[in-house]
Structures are given as structure tokens and as C-alpha cells.
Amino acid sequence: GMNASSVRLRPAREKDSALILAWRNDPTAYRRYFQARPVDGREHARWFSARLRDCRCRLFIIEPARGGSASARPLGQLRLERGPGGDAQVSLSVDARGRGRGTATAALRAAARAARRWGVKRLRARTLPDNPASTIAFLKAGYRFVRVERRKGSESYLLEQGVL
């Protein structure tokens, strides 16, 4: 598996838009999202630009830490959304090539360091019961299970981690 130093988070740029859309619309991924349908290009472009401009949002590309940046094939994306108080919501998606190798756990550990620098006190995440790999990645990264949440008839797991 990967350790925390095996990936790095770099801030997303406008030119990463297509990459993030491709991950979002990967059928093996979106059926596990809360909004289980593909997103169209115009809808995504609006969302992506808004996220990049939003001071409460940090959007990162997960890359391998080793090797020159030219050779670094992106492994996924991770987003921190600042809420009220010292909380931030974390979400991520890993490219099909990066799954099952500890990428998500390593990225979440890197995200905790980024969150600390940003003054976040607590990270929260929601995972879906039919995506155990995601839940396990958060637990391995030091999150604890808080409770099952039910919204509009569907269940999710609330996980959290203190970072300060």
C-alpha cells in the first residue's frame, strides 16, 4: 500500500476541469455517489468554476509524490468544503487505476495536514453503505464512525476526525 508521503495534493486549476468531469462520470464511481447519475459538461463547468472561486472550498488533485510532475499521472481529486465553526466536509474520488492501493487513505492523511494549515479543527465525511472501500479508507486514515444518517430514505455513514 501507499503511505501518506507517497501522494501529494496540488491545488486544482481551470485546466483540470475535464479530468475531474471524467472521474465524476466514471460509471464505476457515480453509481456510488449521492447523486447517482452522470453530469453533463456545461453543468460541470459551472460547478467547477464556482468551486475554484469559492473561498470556503479547497479542491485538490491527488498525484504520486515521486517522479517529475510531467510523469505524475493524477490519481484522483479531493475536496474540502469549509462549514460553520472549525468544521470542513471532505470528499474524494480516486481514479480506477489508483483504487485498492491505499491511495485514498494516503490522500486523506495529506488532507488532514492541509486542513490543519487552513485552521480547520474537525473533518467530517459521509460514505455510502454499498461502498465499503471508501468507509475503510477513512477509518484507516484515522476517522471514527459517528452514526448512520437517514435522509430521504437513503442511509449514509457519518465519519469524523479532529485535526487540531
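Remember, predicted model here, so these are calculated numbers, not experimental data. (Residues numbered from 1 in each chain as written. Predicted model: local features only at pLDDT ≥ 70, side-chain atom pairs only at ≥ 80, totals over all residues. Heavy atoms only, no water.)

### What about the packing of aromatic side chains?
Here is step 1: Throughout the structure, instances matching the rule amount to 2 aromatic pairs.
Here is step 2: A centroid spacing of 4.9 Å and a plane angle of 85 degrees characterise the contact between F138 and Y143, whose relative ring orientation is edge-to-face. Comparing F138 with Y143, the two get one shared label, buried.
Here is step 3: Look at F145 and Y157: their rings are 5.8 Å apart centre to centre, the planes differ by 75 degrees, and that puts the pair in the edge-to-face class. Of the two residues, F145 sits in strand 6 (residues 144-151) while Y157 sits in strand 7 (residues 154-162), which places them 12 residues apart along the sequence.
Here is step 4: Using a relative accessible area of 42% as the deciding quantity, one classes F145 as partly exposed. (Phe/Tyr/Trp six-rings, centres within 6.5 Å; stacked < 30°, edge-to-face > 60°. Buried < 20%, exposed > 50% of the residue type's maximum accessible area, 1.4 Å probe, protein only. Helix = DSSP H or I, 4+ residues; strand = E, 2+ residues; numbered from the N terminus.)

### Structural notes on unusual backbone geometry
Here is step 1: One non-glycine residue with positive phi stands out, namely K152, at about 50 degrees.
Here is step 2: By the element assignment, K152 lies in the loop between strand 6 and strand 7.

### Re the pairing of strand 4 (residues 87-94)
Here is step 1: Judged by how many residues are buried, strand 4 sits mostly within the fold: 6 of 8 residues are covered.
Here is step 2: Here strand 3 (residues 76-82) pairs with strand 4 via 7 bridges, running antiparallel. Paired with G76 across the strands is V94, a residue of strand 4.
Here is step 3: Joining the antiparallel neighbours strand 3 and strand 4 is a turn of 4 residues, in which G85 adopts a positive phi near 65 degrees. (Pairing = 2+ DSSP bridges.)

### So, helix 3 (residues 41-53)
Here is step 1: Taking 1.5 Å of rise per residue, 13 residues should cover 18 Å, and helix 3 covers 18 Å from first to last C-alpha, within 8% of that figure.
Here is step 2: H44, F48, S49 and R51 are the residues of helix 3 that are buried. Buried residues in helix 3, looked at end-on, bunch into an arc of 160 degrees, giving them a common side. Residues of helix 3 that are exposed and point over 90 degrees away from its buried face: R42, R46 and R53.
Here is step 3: Buried positions along helix 3 lie against helix 1 (17-24), strand 2 (57-64) and strand 3.
Here is step 4: For helix 3, the capping residue at the N-terminal end is D40, with a side-chain oxygen 2.9 Å from the backbone nitrogen of R42. (Expected span 1.5 Å × (residues − 1). Arc of directions from axis to C-beta. Contact = heavy atoms within 4.5 Å. Polar contact = N/O pair within 3.5 Å; in protein donor to acceptor, adjacent residues only side chain to side chain.)

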